[in-house]
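Each chain, written out:
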Amino acid sequence: MNTRGTLQVHTQERGAEMGDLFGIFFEDLNHAADGGLYAELVQNRSFEFDPIDHPDYHALTAWEKVERGGGSAVLTVEESEPLSMRNKHYAVIDILAEGDGVGILNQGFNTGIPVKRGEAYALAFYAKRDDSFDETVRVTLESVEGTVHGLAELTVSSKGWVKYEAVITAGTTDYSSRLVMVTKGRGKLYLDLVSLFPVHTFRNRTNGLREDIAALIADLKPKFMRFPGGCLVHDGSLDAEDRNSMYRWKNTIGDVAARPARRNNWRYNQTLGLGYYEYFLFCEDIGAKPIPILPAGYDPHHKRIVPLEELQPWIDDALDLIEFACGDAATEWGGIRAALGHPEPFGLEYIGIGNEEVGEPFFERYAYFHKAIKEKYPAMKIINSSGPFAAGGEYDRGWKSARDNGSDLVDEHYYQSPEWFLANYDRYARFKADEPKVFLGEYASWGNTYYNALVEAAFMTGLEKNAHAVGLACYAPMLCNVDYVNWKPDMIWFNNHEAFGTANYYVQQMFMHHQGDQLLSIGASGFEKPVAVPAAPITGGLALAADQCSVQFWDIQLTNDATGEIKSFGARTEVLNDTLEARQAGEARPLLELEQTGWNRYTLRFKAKKTSGPKGFFVHFGKNDDKDEIVWEVGGWQNQDSMVVSKVNGRGSCLTQSLFTVETGIEYELSLEVSGRQIRTFVDGVLINETEDKLPAIEPLYYSASVEHATGDVIIKVVNVQEQNVAAQILLDHLTDRPSTVELFELSGYELDDANDFESPKRIQPKRKELTLEGNAIIYDFPKHAVTIFRVKA
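## Overview of the sheet that holds strand β20 (residues 350-353)
Adjacent strands of a sheet form backbone hydrogen bonds with each other and so pair up, either parallel or antiparallel.
Okay, step 1: Around the barrel, which closes on itself, the eight strands sit in the order β2-β14-β17-β20-β21-β22-β23-β24 with parallel pairing between neighbours. For this sheet, the mean inter-axis angle between neighbouring strands, taken without regard to orientation, is 25°.
Okay, step 2: Sheet topology places strand β17 (residues 289-294) next to β20; two bridges connect them, and they run parallel. From the neighbouring strand, Ile293 faces β20, where its bridge partner is Gly352.

Structure, rendered in structure tokens:
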């Protein structure tokens with residue numbers, strides 16, 4: 001057992017208010033909405049899938065023709081007489097021979113349409129036909145083999161579009177069912193917006209949400225929900241009527257039949273059935289404040305820019321959204337909300353403009369939004385953007401914009417290695433209380449293991465302790481359908497009938513359930529000194545590499561900046577080729593190994609010219625292997641960035657970024673300076689990047705303390721990331737002498753690579769027990785690799 005240290009909590013010394021610190025972020029990636037939280041069971045219900053969504057999509061994706069007992073039909077998709085001009089496509093079944101019935105079936109998502117014995121399902125569809133008006137449409141839920149689990153029969157007796165509804169009760173549990181619709185007779189049957197929902201959705205709302213996923217989210221008890229993204233907010237065309245437009249909130253409300261299908265930039269289709277009205281309802285249902293994020297008329301992915309003289313409609317969209325949320329029924333948009341079924345305002349305190357924005361065009365436009373919103377709604381808290389990086393040129397640009405405009409918060413995003421989070425757990429200690437607050441709108445360490453969750457918990461104590469500077473924080477992404485993965489890690493995983501929270505989920509839940517309202521002063525003494533990783537200089541292999549292009553390198557030199565020694569690497573020009581054509585021809589030469597260096601201070605200089613290809617090139621240094629190295633990415637991402645990325649155990653951390661594009665045919669003179677763990681990069685003599693690859697110094701314990709105003713409870717969070725137990729006493733100054741109950745919530749006893757999964761969804765979850773506090777001290781042996789929360793009852 002270690003020497004016992006002391007954590008001293010000064011229960012009467014109050015610090016910063018913690019406000020709405022911990023919340024959630026919903027982004028429709030990984031099929032988080034359609035095929036996920038949105039409870040619709042039919043995929044491609046309006047026959048609107050299109051190659052613009054994904055190259056493999058077409059109007060009949062997830063549908064099949066059905067011909068039974070000698071039946072014959074032609075299945076087509078038409079658009080000449082649509083149900084809605086915003087969703088023009090509909091299915092046409094031309095009956096050639098009726099047999100035992102002809103029609104269509106839907107495959108659903110994942111393995112199929114999941115049904116449970118005894119559960120009821122709400123069927124709805126629009127239909128018309130041109131003959132055989134007495135013939136029924138038989139709708140069944142069937143197994144893959146054709147066993148019927150439930151059915152409904154409806155008579156389509158109109159030549160015009162009519163909505164038909166029924167409830168089907170499943171007689172069997174089958175997670176791979178199909179929805180089958182067949183008819184007999186003559187002529188043509190027309191179908192559109194074929195829908196199937198569980199009758200029991202979250203809070204039993206129509207057009208509602210999947211109960212199990214929504215319940216997991218609700219059980220977090222988040223203070224806020226940021227939505228709907230994410231890059232999908234601003235990645236798209238400038239025309240709201242385009243299929244691939246930016247995310248325009250007005251397209252997502254009202255009758256689902258009139259909500260236009262949209263290309264999701266994660267390469268699938270969005271029905272927009274889960275739209276802004278549903279987002280606001282969900283926030284209300286779970287007690288979370290809504291934080292909508294709107295585009296500012298700039299797409300950094302494709303450089304689409306709304307001219308300033310045409311920006312007003314975009315600003316009006318933001319103002320109208322605030323009225324939609326806050327206005328009474330007598331206002332235009334408050335009236336629209338009331339007509340949708342919610343007469344009382346939802347309320348709105350925060351609004352975000354932009355997501356992960358880079359480039360001056362966004363920040364030029366942001367100022368117009370900020371001014372207009374503050375003039376009409378001065379109490380509205382406006383969130384600016386600082387890009388998708390933890391440091392660098394665009395990060396600094398975002399913070400300058402926030403200071404210049406008086407933004408209330410700045411949205412920071414970063415996905416880094418666990419080691420980065422440990423090295424930077426006190427990142428916000430130097431931020432000022434009188435400047436815009438941080439909204440850490442997206443963050444995660446790379447993984448869903450217990451180790452990832454443990455490290456994130458340690459980092460979150462730093463967020464709490466610096467609540468003077470950090471206003472909001474949410475893990476990202478939140479949801480992932482296991483069969484449609486765009487990004488990982490994710491907080492909640494699901495298939496078509498199961499969902500589970502990861503270890504990361506339970507850490508978030510612990511911090512949300514026990515956030516507290518105001519910081520208490522807490523200090524540590526008597527512990528062993530932090531366990532510091534030796535700050536060894538960056539040494540190891542050096543290499544140059546092409547990234548999807550062909551590059552010439554020459555005049556390659558390595559200089560020892562301590563001794564002046566120079567090493568040259570050949571007199572000839574080296575050509576690297578990583579183009580698609582070279583790969584397909586088996587002629588790719590993507591990498592040029594230089595040498596291993598053990599020097600503490602060195603500069604690598606070279607000249608380069610890209611001759612073809614869309615991207616740029618890399619400089620590898622400090623390379624032990626492909627999983628442990630540092631990379632200077634010149635023309636990274638979409639050939640827009642110069643980034644320095646540190647990899648530890650294969651998990652990357654972008655240390656810094658600046659805008660830079662590698663032009664074809666241009667000669668560049670580049671240099672990389674390394675001094676200890678300090679890194680600087682130059683292009684044509686201009687400093688582009690400057691950073692430090694900081695190594696973690698493991699604290700004996702990571703901790704924070706707060707008080708909950710409503711109960712008076714004192715909350716103490718302690719995280720031990722070490723390999724051994726840590727003995728400690730917690731002293732609570734100025735606590736009454738009467739005995740108090742202490743609730744203890746803890747994650748401990750797990751291997752670092754343990755993780756929850758479908759087979760063991762609660763392998764990792766917190767345990768609760770009670771202690772009795774006599775006097776003002778808690779003596780506790782903190783287990784190794786543990787997250788521990790004490791709630792001292794008032």
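## Some details on the packing of helix α3 (residues 312-326) against helix α5 (residues 360-376)
Okay, step 1: Where α3 contacts α5, the axes come no closer than 10 Å and their chain directions differ by 35°. As for how α3 packs across α5, the hand of that crossing is right-handed. In this structure, α3 contributes Trp314, Ile315, Ala318, Leu319, Ile322 and Glu323 to the contact, and α5 contributes Tyr368, Phe369, Ala372, Ile373 and Lys376.
Okay, step 2: Tallied by class, the residues present in the contact of α3 with α5 amount to nine nonpolar, no polar and two charged.

## Observations concerning the packing of aromatic side chains
We describe a pair of aromatic rings using the distance from one ring centre to the other and the angle between the two ring planes.
Okay, step 1: In this structure the tally under the stated criterion is 50 aromatic pairs.
Okay, step 2: For the pair Tyr414 and Trp420, a centre-to-centre distance of 5.0 Å together with 55° between the ring planes defines the contact as tilted.
Okay, step 3: A residue is classified by how much of its surface remains accessible, and Tyr414, at 1% relative accessible area, is buried.
Okay, step 4: Of the residues examined, Trp420 reaches a relative accessible area of 9% and is grouped as buried.
Okay, step 5: When the ring of Phe782 is compared with that of Phe790, the centres are 5.9 Å apart and the planes differ by 85°; the resulting orientation is edge-to-face. In terms of burial, Phe782 and Phe790 fall into one category: buried.
Okay, step 6: Through a chain of ring-to-ring contacts, the aromatic side chains of Phe26, Phe227, Tyr247, Trp249, Tyr276, Tyr277, Tyr279, Phe280, Phe324, Trp333 and Phe346 assemble into a single cluster.
Okay, step 7: A cation over an aromatic ring shows up here: Arg226 above the ring of Phe25, its NZ or CZ 4.1 Å from the ring centre.

## Examining the packing of helix α8 (residues 450-465) against helix α9 (residues 503-513)
Okay, step 1: It is the contact of α8 with α9, at a shortest axis distance of 8 Å, that shows an interaxial angle of 25°. Classified by the angle their axes make, α8 and α9 are roughly parallel. The interaxial crossing formed by α8 with α9 has right-handed handedness. The residues of α9 that touch α8, namely those facing Tyr450, Asn452, Ala453, Glu456, Ala457, Met460, Thr461 and Glu464, are Ala503, Asn504, Val507, Gln508 and Phe511.

Calculation rules
Residues numbered from 1 in each chain as written. Predicted model: local features only at pLDDT ≥ 70, side-chain atom pairs only at ≥ 80, totals over all residues. Heavy atoms only, no water. Pairing = 2+ DSSP bridges. Helix = DSSP H or I, 4+ residues; strand = E, 2+ residues; numbered from the N terminus. Axes fitted to C-alpha atoms, helices over the stretch in contact; angles between N-to-C directions. Left-handed = near helix turned anticlockwise from the far one by under 90°. Contact = heavy atoms within 4.5 Å. Nonpolar A, V, L, I, M, F, W, Y, C, P; charged D, E, K, R; others polar. Phe/Tyr/Trp six-rings, centres within 6.5 Å; stacked < 30°, edge-to-face > 60°. Buried < 20%, exposed > 50% of the residue type's maximum accessible area, 1.4 Å probe, protein only. Lys NZ or Arg CZ within 6 Å of the ring centre and 35° of its normal. Parallel < 35°, antiparallel > 145°, perpendicular 65-115°, else oblique.

In short, geometric facts, not functional conclusions.
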